[in-house]
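# Understanding the architecture of this molecule
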Amino acid sequence: MQVEFENTAIAFESKSTPELQRAYWLFKMLSAKWMVNTGKFLTKLGFALHLPIQGIIKATLFKQFVGGESIEDCEPTIQQLWKYHIGTILDYSVEGKNDEKSFDASLHEILRTFDKASGDERIPFCVFKVTGLARQELLEKLSQATPLTQEESEEWENVKKRVETICLKAFSTRQPVFIDAEETWIQPAIDQLAWEMMLKHNHRQIIIYNTIQLYRHDRLEYLKNLHYQAKQHGIKIGLKLVRGAYLEKERSRAVSLNYPDPIQPDKSATDRDFDAALKYCIQNIEDIAFCAGSHNEASAQFLVHLMQSKNIPSNHPHVWFAQLLGMSDHISFNLAKAGYNVAKYVPYGPVKEVVPYLIRRAEENTSVKGQTGRELSLITQELKRRSRN
Ligand SMILES: Cc1cc2nc3c(=O)[nH]c(=O)nc-3n(C[C@H](O)[C@H](O)[C@H](O)COP(=O)(O)OP(=O)(O)OC[C@H]3O[C@@H](n4cnc5c(N)ncnc54)[C@H](O)[C@@H]3O)c2cc1C
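Residues numbered from 1 in each chain as written. Predicted model: local features only at pLDDT ≥ 70, side-chain atom pairs only at ≥ 80, totals over all residues.

## Remarks on the environment of A117
Put simply, the test is: The secondary structure listing takes helices from DSSP runs of H or I that are at least 4 residues long and strands from runs of E that are at least 2 residues long, numbered from the N terminus. To sort residues by burial, count the other C-beta atoms lying within 10 Å of each one's C-beta; a count of 20 or more means buried, 12 or fewer means exposed, and anything in between means partly exposed. C-beta atoms are built from the backbone.
Looking at the element boundaries, A117 is found in helix α6 (residues 100-117). What makes A117 buried here is the crowd of 25 C-beta atoms within 10 Å. For the pair formed by A117 and H295, sequence separation is 178 residues and the distance between their alpha carbons is 24 Å.

## Examining the site of the ligand
Selection rule: The rule is simple: place the C-beta atom from the backbone, and if it lies within 6 Å of a molecule or strand, the residue is near it. Basically, the charged four are Asp, Glu, Lys and Arg, the nonpolar ten are Ala, Val, Leu, Ile, Met, Phe, Trp, Tyr, Cys and Pro, and anything else, Gly included, counts as polar.
Near the ligand lie 24 residues; those nearest to it are D180, R243, G293, S294 and H295. Of all the secondary-structure elements, those providing two or more residues to the shell around the ligand are β4 (208-213), α12 (267-283) and β7 (319-324). Looking at the shell around the ligand, its residues break down into 10 nonpolar, 10 polar and 4 charged.

## Notes on the sheet that holds strand β3 (residues 177-179)
Let me state the cut-off plainly: Strands are treated as partners if at least two bridges between them are detected by DSSP. A fitted line through C-alpha atoms serves as each axis, taken over the contacting stretch for helices, and the angle formed by two N-to-C directions is quoted from 0 to 180°. The contact rule is simple: place each C-beta atom from the backbone, and if two of them lie within 7 Å, those residues are in contact.
The strand order β1-β8-β7-β6-β5-β4-β3-β2 describes an open sheet built from 8 strands, whose pairing is parallel. Each end of this open sheet is capped by a strand with a single partner; those strands are β1 (86-92) and β2 (126-128). Geometrically, the sheet is characterised by an average inter-axis angle of 30 degrees between neighbouring strands, direction not taken into account. As paired strands, strand β6 (residues 288-293) and β7 are joined by 4 bridges and run parallel to one another. Residue pairing for β7: A292 is matched across the bridge by F321. Strands β3, β4 and β5 (237-242) of the sheet are contacted by helix α9 (residues 187-201), whose axis makes an angle of about 150 degrees with β4. Relative to β5, α12 is tilted by about 155 degrees, and along the sheet it contacts β4, β5 and β6.

## Examining the pairing of β4
Of all 6 residues that make up β4, 6 are buried, and the element is covered over most of its length. Side chains I208, N210 and I212 of β4 all project onto a buried face; the interleaved residues Y209, T211 and Q213 project onto the opposite face, where all are buried too. Sheet topology note: the β3/β4 ladder contains 3 bridges and is parallel. Residue pairing for β4: I179 is matched across the bridge by N210.

## Focus: unusual backbone geometry
Within the chain, N311 stands out as a residue other than glycine whose phi angle is a positive 55 degrees. In this structure, N311 sits in the loop between α13 (297-309) and β7. On the basis of neighbour count, N311 is assigned to the exposed category, with 6 C-beta atoms found within 10 Å. Its identity as a non-glycine residue notwithstanding, S328 has a phi of 50 degrees, on the positive side.

Shown next, in the form of structure tokens:
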């Protein structure tokens, strides 16, 4: 039986009509490219001139896509989502810092997410990005096997210590953790860290989850090989499957540095490999726990179909669906209502620091054809339904 994603009464049950109207206007604005570009420019200018624009951001984008400025601020969102059996993944979304002091501060904050999550069924996973703990240039050097200087080797030891501290915390609190995937030129270093952490902690329980981006043409093979290696070492693997977020950046770097494009030739190839990865994980569900991080309805439906065809219970602990806060509620809420394991990434952080995350959300939504069109039509449908009742 299919899950009915069109059911807007369930999808927006948690939202009051004024909240829905606000979301409607927000997505409407996001659908206009010129507005997003102007907004981006004014935001940068506003911060540079120290204008009081934080209030505007907080009342608009922040309210839709962010849990708050601190873990404590996120509590109402956590409660609200859990009322509908949707878990929260607290995502400390401070980006672009590049010094040891900031990396240590990130580590400290990520450890606090474990303190919040530990023993709290409403928070099924924690998450971190290695670039929140390490310099990109260092990760790039390691990924290309370029020899490190003495100073860089010491820096790398500090990065490993930070990652080990987080993973040990995950293990000791029995709180599974996702390691986000990033750009291809730094991913080998991230993959290596994730693998070492899996070897350490994934024996009895699946604690460490690495992320696989299926917009890369080499990742389905990587997934199968990872599974093979894990079997050789007697461990299980945790995976977050995503399509991938850095398409344009990847393509333009490959062109400018003249190396083969690491990305699939087209969207349908990405879709094909994403669904093949879902199938592979379902076929090996004893060894692999995974989370489908996606807003694609067809893939969510495909995963539901795979589970049903193999008589896998909807709440099997090895299968999760995840979306971002403020996006694709029709998928999250309808899946949760049908008994599937669902969680939302709930980003948080000081307004100014979360702006790059918000800009990416805005840019991602700047297409009436794509995500925004879908969000707008579902919200309109629900507002009409409510006005009839
Ligand atoms: C919970 C969650 C966690 C996430 N974690 C990460 C992460 O750790 N790392 C990361 O990189 N991303 C992450 N993402 C973002 C994700 O990779 C996608 O960018 C985003 O979810 C859009 O893809 P989709 O599956 O929702 O669906 P769709 O909207 O169907 O697919 C859009 C995606 O398809 C791919 N695509 C589009 N056009 C083409 C083309 N011409 N050729 C080839 N491929 C194309 C791109 O990956 C694009 O993002 C996460 C998303 C979620 C929901």
